[in-house]
Structure formats: C-alpha cells, structure tokens
Amino acid sequence: MSNIEWTGITANPIHLVKADGKHGGHWCEKISPGCANCYAEAMNLSNYFIFASGLPYTGTVPVNMIFSSIVMEKLVKMKKGERVFMFSMTDCFGHWVRTEWLDLAFAYMVVAPQHTFQVLTKRPERMPEYFRSAKERIRKIVEELRRKLKLPQAEFVWPIPNLWLGTTIENQKTANERIPYLLQTPAVVWFLSAEPLLEFVKLKKEWLDLIHQVIIGGESGHDVRACQLEWIRFMVKQCQNAEDVAIFVKQLGSNPVLGSTYIEGVATTYEKLILKDKKGGNIEEFPEDVRFRQFPVPQLKMLPSFLSV
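The residue numbering used here restarts from 1 in each chain and proceeds along that chain's sequence as written. In keeping with the model being predicted, local features are shown solely for residues with a pLDDT of at least 70 and side-chain atom pairs are shown and tallied solely at 80 or more, while totals for entire chains, interfaces and linings include all residues. With hydrogens and water excluded, all non-hydrogen atoms of the structure serve as input to the side-chain values.

**Quick word on helix H5 (residues 172-182)**
Those residues of H5 that fall on the buried side of the exposure criterion are Thr-174, Ala-175, Arg-178, Ile-179 and Leu-182. For H5, the buried positions fall inside an angular range of 105 degrees around the axis, keeping them on one side. On its buried side, H5 packs onto helix H4 (127-148), strand E6 (163-168), strand E7 (189-194) and helix H6 (205-208). The backbone nitrogen of Lys-173 has a side-chain oxygen 3.3 Å away, supplied by the residue at the start of H5, namely Asn-171. Exposure categories follow from relative accessible area, calculated using a 1.4 Å probe and restricted to protein chains: below 20% of the type maximum is buried, above 50% is exposed, and the middle band is partly exposed. For the purposes of this entry, the term helix denotes a DSSP run of H or I that reaches at least four residues, the term strand denotes a run of E that reaches at least two, and both are numbered from the N terminus. Taking the helix axis as origin, the arc is that swept by the directions to the C-beta atoms. Whether two residues are in contact is decided by their heavy atoms: any pair within 4.5 Å suffices. Any pair of nitrogen or oxygen atoms within 3.5 Å is treated as a polar contact; in protein, a donor-acceptor pairing is required on top of that, and neighbouring residues in sequence qualify only through side-chain atoms on both sides.

**Side note on the nonpolar core**
Counting residues in hydrophobic clusters, the biggest one holds 81 residues, and the most contacted among them are Met-86, Phe-106, Met-109, Val-119 and Ile-138. Apart from the residues lying within four places of it in its own chain, the contact partners of Val-119 are Met-86, Phe-87, Cys-92, Phe-93, Phe-106, Met-109, Leu-163, Trp-164, Leu-165, Gly-166 and Phe-191. Nonpolar core, defined: a set of buried Ala, Val, Leu, Ile, Met, Phe, Trp, Tyr and Cys residues in which side-chain atoms within 4.5 Å join the residues together. With 10 residues, the next largest nonpolar core counts Trp-6, Leu-120, Val-188 and Phe-191 among its residues.

**Remarks on the sheet that holds strand E1 (residues 9-11)**
Ordered by their spatial adjacency, 7 strands build an open sheet running E1-E4-E5-E6-E7-E8-E10, and the pairing between neighbours is parallel. Both edges of this open sheet fall to E1 and strand E10 (246-251), since each of them pairs with a single strand only. Geometrically, the sheet is characterised by an average inter-axis angle of 25 degrees between neighbouring strands, direction not taken into account. DSSP calls a pair of strands paired once it identifies at least 2 bridges connecting them. The pairing of strand E5 (residues 116-121) with E6 spans 5 bridges and is classified as parallel. Residue pairing in the sheet places Val-119 in a bridge with Leu-165 of E6. Fitted lines through C-alpha atoms give the axes, limited to the stretch in contact for helices. The angle between two N-to-C directions lies from 0 to 180 degrees. Across the sheet, helix H7 (residues 229-240) lies against E7, strand E8 (213-217) and E10, angled at about 165 degrees from E10, the strand it touches most.

Here is the structure:
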C-alpha cells in the first residue's frame, strides 16, 4: 500500500541495477521549483531504504538504468484491481527514458485492465508527439504480451481506457507551460497535481472544461516552503465553479499558514496553523471548505483529431 492518499500502490519498472543484478535505486533530474525538496530524491539518498543508490537527482544520466518487465508482470498477475501510481520515483517522460520502454510500459497497462494506472509528469511536452506515434507500436506489443503471458485476446481500445495522465503545476508559470501539452494528449482522465502548491494559481476556463481532477497539496518534509491556506481555497473554489472537476485536497503541508492581518483584502502577516499530522494530511484537521477527496469519472471530454486517424 502507498502512503500517497490519491493512489493505492506505486510501481517503478524504470530503475537502476547493480552489477550483481539487484535493484540499484532510482534517478531523475530536477527541472523546476517543485523539485527542490523532492521526496523521491530524499528516499534515494536515505540509508533507510535498501535499494537507495545514494545518487542526487542531478548530473549525468546513470548508465545502469533498466526497464524491468518483472515489475509489470507482477501487476498483470494481481487479481485485485488497484489505482497504481506509475513511475513514482522518476519522470517517465524524461529525456533519459527510451521510447521502447514507454511502449512496453503502456502495453503492460493494456493487458492489466483490472488496474487504473496514474501517470504524472513534469515534462508533458513529450506526450503529444509520443502518443501520436505510439498507437500501432503499443498494439503490436500488446498482442505479443497476450501470447507470452497466455492471456485471452481482446479488442485494443484507444486511448487506453485504464490510463490517467496528469501533470504537476506548482506555480502559474508551470501551469501555463504544461497544461496545454497535457490537453493535446489522448486520455480518458486528465488530472493536475498542484503539489507542492507554491503560489496562487489561476486556471483558465478552457482548461477546467477539460480537466477531470485536480489534486492539491502543500509541501511536506523538512525545511519546506510555506503553503498559504488561501492558495488552496482559491484552487478549490475554481474547481467548484467548473463542471465535473473532482477535487482532491491531499494535504495542507508541513508548514501551512493563514493570513492573520489584512489591508484592503490582502494578507500582510501570517500565522502558522498548528496541526497534529506532520504532513497536514489528516482531513479531519482541514477547514471544512477544503475537505474534498473526490475521484474523477473517466470520460473523453474532447476527442483530439489525430485519434481518428
């Protein structure tokens, strides 16, 4: 089970491997302010985890990175369906991830229809072109996997019906840059992760008309940046004013603050909210107006023209 409230389990078929063939940890590359206190990097640098490589998420790409089909085959064999957060320790649309690895990963998702796969990226600019070209490659791999794993043949449906695609938007700049790429990519669910939320973020109506879910959260851990409760409230209100947008407030963060003195409606001083939960993740401690833990209903809100090609 995962400690991430909006998923059930995590899976990481892309990882490093040691010379003896054992799991060698993970690697990613920081690219924006939301990466500053990356939880995955902290885990990868920690002596607590046996698999940790000790590598920071900077520098050159490690040469010992692999795609493990074993991880994906375990998911295929599971009888109980789960929400599966894929690639939680790296970004699968990073430049270091080979196209053939992506093809394999998405093909395995097709042959494990009992699960709902959640893929989140900070690099959605790679997604539209990848999915435009990937359909037939994935279809062929799916046929091969069904023969190899002795699975019944079934209709190949596109876009993949159990795949949710999302992007992280920690500030206005990343929202403006990333959301348009996400919405050019075929998916039955488009979701946004506004975590760590670092400022007020205004979402355009044309985005909200298409987005299925918005996950919201303050930063957690040590030396974290403050998350103003007003930012979370503003995000929630925008989603409430839209249609069919599921709101999921994951956490207030380890350093939630509330404006205490206002001049002409603008907070000038803040006071920290004292919460028992160290991540601010106990919904019972949330103010009532942000107590939302909703999941989306998969549906194609828009059919990109290239899907019919």
